[in-house]
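For reference, the chains in residue letters:
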Amino acid sequence: MTEKRLELVRGLGAWASAAIVVGTMIGTGIFLKPAEMAREGRSVSVVFAAWIVGAILSIFGAFSFAELGSMIPEAGGEYAYLRRGFGPVWGFLFGWMHSIVGRPSSLASISAGMMRFLSFLLPVVAAPLFSIHIAIPGLTGWIKPYDFVFTWAQPLAVVWLLIMTGINYLGVRLGGAVQVFLTSIKIMSVAIVIGVAFFSPAPAARAPDPFWPAASMGGGAIFSAFLAALAAALWAYDGWEDLNLVGSEVENPQKNFPRALVGGVGFVAVIYLLFSAACLKVLPFESVAASRHIASDVVEHIKGTTAAAWITLAMAISALGSMNSSVLSGARVGYAMARDGIFFKIADGIHPKFRTPGRSLLFQGVLASLMALTGTFEELTNLFIFAAWIFYAFAVVALFRMRKTEPDLPRPYRCWGYPWVPGLFVAGALALTVNIWLDRPGRSSIGLLLILAGLPFYRWWSRSSSPGSDSARG
C-alpha cells in the first residue's frame, strides 16, 4: 500500500502574494542604499537615473517571471524553470547557490541590518565584545583584509532568525498573515517619512545640490558611477522574484502572479523615487551621502530625536518584514530539490500537521544563524548578488527556449513585449554581472567556484537516485 505524499497547500491569496513581493523589496535596502547611491553616483541626476533604470529592469524581469510563474506554478521558482528549460543540472546549480549561501546569507544580512537600526536606539547592541584581524596570505590583492568584530548584535540577530523560522514553520497562512501585517506597517512608516519631508517648511538657503555630473568627469567615469549606483538600486529592488519560489502555494496563480509581480514592482518604484526626493528636499546631497540612517536623519532634522527614535523602530519592523517574507519563500527551493533527490535528505518532507516544508525551514534557519554569528554575511551577500543576477538571466533565457521547445504548453499569462522586454532584461542582467566581475574579480571568481563546487554533490545524488527518478534523467 503506497502512502499518499503530502503536498503544499495553496494558501497565499492575492493580498498575501503582493505582500511577499512588496515586503521583500521594501526592507533594509531603501533605508541603507540611498546614501551609497549618492556616494557612488555623485550627482542627483545619476542617482535618479539609477532608480528609474533599476525599476524598468526589475519590471521587465517581473513581466518575464510572471509568464514563467503562471506557466510552471511549482515550488522552487528558478529551480523549476531552469530544470525544465535546460535540464536537471541547471536547476540544481541555482538551487545549490540559493540554498547553501545565497538565501541564508541574505537572511543574515537583513537580520544584521535590523540590529544596526536597533543599535541607534540601544547603543549597547553595537558595543564590541572582541575583534579578530583576518587576512589571507597571498590573496590580499583580491580579498581585502578586514577586522571581524563580535558584538551583541550577532546573537540577537540569531534570535530573530529563529523566531521568524518558527512562525513560518507553523503554517503558510500564518506566515502570509504576518507578512500582510508587517508590510502594512513598513509602508506606513515610509509614507510618514515622505509626508513629513514634503510637508515640512522649506529648508534654509543652502548651496544647490549637484544635479548634473561634474564637468571634470569623463563619459567613462559617469557611466561607471551610474553602474555602481544601479547595482545599489538593484539590491534595494531585489525580491521581486520571490513570489515565484512559492508558486505551488499561490491561489489562482494565473491571475495573482502577474498582478502581484508587476503591480508590486511598480508600487515599490514609486515609493523609492518619492523617498529619495523627500531625503534631498530636507538634507543636502553631501549629508545624504554621508548618512548611516537616512530616514532617522531626515525625521530628526525636522521633528527631533524622539520622532527619529520612533522611525528607527519602524525601520527595524521593516527589516523584520523582509526577513519574514524571505524565510517564507526561501526554504521552498531546498524542499523542491530534496523532493527530487538532489539535495540533503534532511530538507525533504512536509509537516503532517502544518503542511509546511518544516525540515527545509530548519535547515535554512541553521545556516542563516551560523552566518549571522560569523559577522561576514554582508560580504557574502555582496558576493552572491553577482551570482543571483546570472541565474535571473538564465531563467529568462529558459523562457525563450521553452517558447520554442514547448509551444503548446498552457501559458495563462504571456510576457508583454516579447521578445524585446525579456531580451532587454537578459542583456541588462548580463551587463551588470560583467561589470561587477570587472570591478571585483576576486570575490566574483570565488562566487563562481563556490557554485561549481556543488557539481560533485549533484553527480553523487544523481547516481544514488533510482533509475526511474527524474533526477537520474538528463
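Computed from a predicted model, the values in this text were never measured in an experiment.

The rules behind these values
- Residues numbered from 1 in each chain as written.
- Predicted model: local features only at pLDDT ≥ 70, side-chain atom pairs only at ≥ 80, totals over all residues.
- Heavy atoms only, no water.
- Helix = DSSP H or I, 4+ residues; strand = E, 2+ residues; numbered from the N terminus.
- Contact = heavy atoms within 4.5 Å.
- Areas by Shrake-Rupley, 256 points an atom, 1.4 Å probe, with all protein chains shown as cover.
- Phe/Tyr/Trp six-rings, centres within 6.5 Å; stacked < 30°, edge-to-face > 60°.
- Buried < 20%, exposed > 50% of the residue type's maximum accessible area, 1.4 Å probe, protein only.
- Lys NZ or Arg CZ within 6 Å of the ring centre and 35° of its normal.
- Core = buried A, V, L, I, M, F, W, Y, C linked by side-chain atoms within 4.5 Å.
- Salt bridge = Lys/Arg side-chain N within 4 Å of Asp/Glu carboxyl O.
- Expected span 1.5 Å × (residues − 1).
- Bend = angle between axes of the 7 residues up to and from the residue.
- pLDDT = per-residue confidence, 0-100.

S.K.: How would you summarise the overall build of the protein if you had to cite specific residues and measurements?
M.R.: When you go through the protein residue by residue, the secondary structure sums to 17 helices and two strands. Sequence separation of at least 24 residues holds for 81% of the intrachain contacts in the protein that already meet a minimum separation of 6. For the protein, the computed accessible surface area is about 20100 Å², with 68% contributed by carbon and sulfur atoms.

S.K.: Before we move on, could you go through the packing of aromatic side chains and cite the residues and values that matter?
M.R.: Per the stated rule, a full pass over the model turns up 29 aromatic pairs. Ring centres of tryptophan 51 and tyrosine 237 lie 5.7 Å apart, and the angle between their planes is 85°; on these two criteria the pair is classed as edge-to-face. Of the two residues, tryptophan 51 sits in helix 3 (residues 44–71) while tyrosine 237 sits in helix 8 (residues 219–237), which places them 186 residues apart along the sequence. In this pair, the class of tryptophan 51 matches that of tyrosine 237, namely buried. Taken together, the ring pairs connect Phe92, Trp96, Phe343, Phe344, Phe363, Phe457, Tyr458 and Trp461 into an aromatic cluster. Between arginine 403 and the ring centre of tyrosine 418, over which it is positioned, the NZ or CZ distance is 3.8 Å.

S.K.: Can you break down the nonpolar core residue by residue, with the values?
M.R.: Core analysis: the largest hydrophobic core is formed by 131 residues, its most contacted members being Trp51, Tyr237, Tyr272, Phe275, Phe343 and Trp389. Every residue in contact with tryptophan 389, bar those within four places of it in the chain, is listed here: Leu57, Leu234, Asp238, Trp240, Phe425, Ala429, Leu432 and Thr433.

S.K.: Let's hear about the pattern of salt bridges: which residues, and what values?
M.R.: One pass over the full model with this rule turns up four salt bridges. A salt bridge links glutamate 36 to lysine 33; the shortest N-O distance between them is 2.8 Å. One end of the pair is glutamate 36 and the other is lysine 33, both in helix 2 (residues 28–41) and three residues apart, which spans about a single turn. The salt bridge involving arginine 411 is made with glutamate 67; its shortest N-O contact spans 3.3 Å.

S.K.: Explain the side chain of serine 58 to me, and be specific about the residues and the numbers.
M.R.: Along the chain, the position of serine 58 falls in helix 3. Of the residues examined, serine 58 reaches a relative accessible area of 0% and is grouped as buried. Filtering out sequence-adjacent residues up to four positions away, serine 58 remains in contact with Leu234, Tyr237, Trp240 and Val265.

S.K.: An account of helix 8 is needed here, citing residue identities and associated values.
M.R.: Because an α-helix completes one turn every 3.6 residues, residues spaced three or four positions apart along the sequence face the same direction. With 19 residues, helix 8 should cover 27 Å at 1.5 Å per step; its first-to-last C-alpha distance of 26 Å lies within 8% of that length. One or two residues past the end of helix 8 sits glycine 239, with phi positive at roughly 130°.

S.K.: Describe helix 2, listing the residues and the values that go with them.
M.R.: Over its 14 residues, helix 2 extends 20 Å from the first C-alpha to the last, a length consistent with the 20 Å expected when each residue adds 1.5 Å. Proline 34 marks where helix 2 bends most, by close to 30°. Most of helix 2 sits inside the fold, with 10 of its 14 residues counted as buried. All buried positions along helix 2 are accounted for by Thr28, Gly29, Ile30, Phe31, Lys33, Pro34, Ala35, Met37, Ala38 and Gly41.

S.K.: Account for the environment of valine 397, with residues named and values stated.
M.R.: Examined against the element boundaries, valine 397 turns out to sit in helix 14 (residues 377–405). Given a relative accessible area of 30%, valine 397 falls into the partly exposed group. Along the chain, valine 397 and tyrosine 81 lie 316 residues apart, while their C-alpha atoms are 9.8 Å from each other. If we ignore the near neighbours within four places in the chain, the residues touching valine 397 are Phe86 and Val426.

S.K.: Tell me about the confidence of the model for the protein, and please be specific about residues and values.
M.R.: In low-pLDDT regions, the fine details of the predicted coordinates are not to be read closely. Of the residues in the protein, 86% reach a pLDDT of 70 or more, and the chain-wide mean stands at 80. In this model residues 1–5 is a low-confidence stretch, pLDDT under 50, and it forms three contacts with partners more than four residues away in sequence or in other chains. Throughout residues 469–474 the model reports pLDDT below 50, and contacts reaching past four residues in sequence, or to other chains, amount to 15 contacts.

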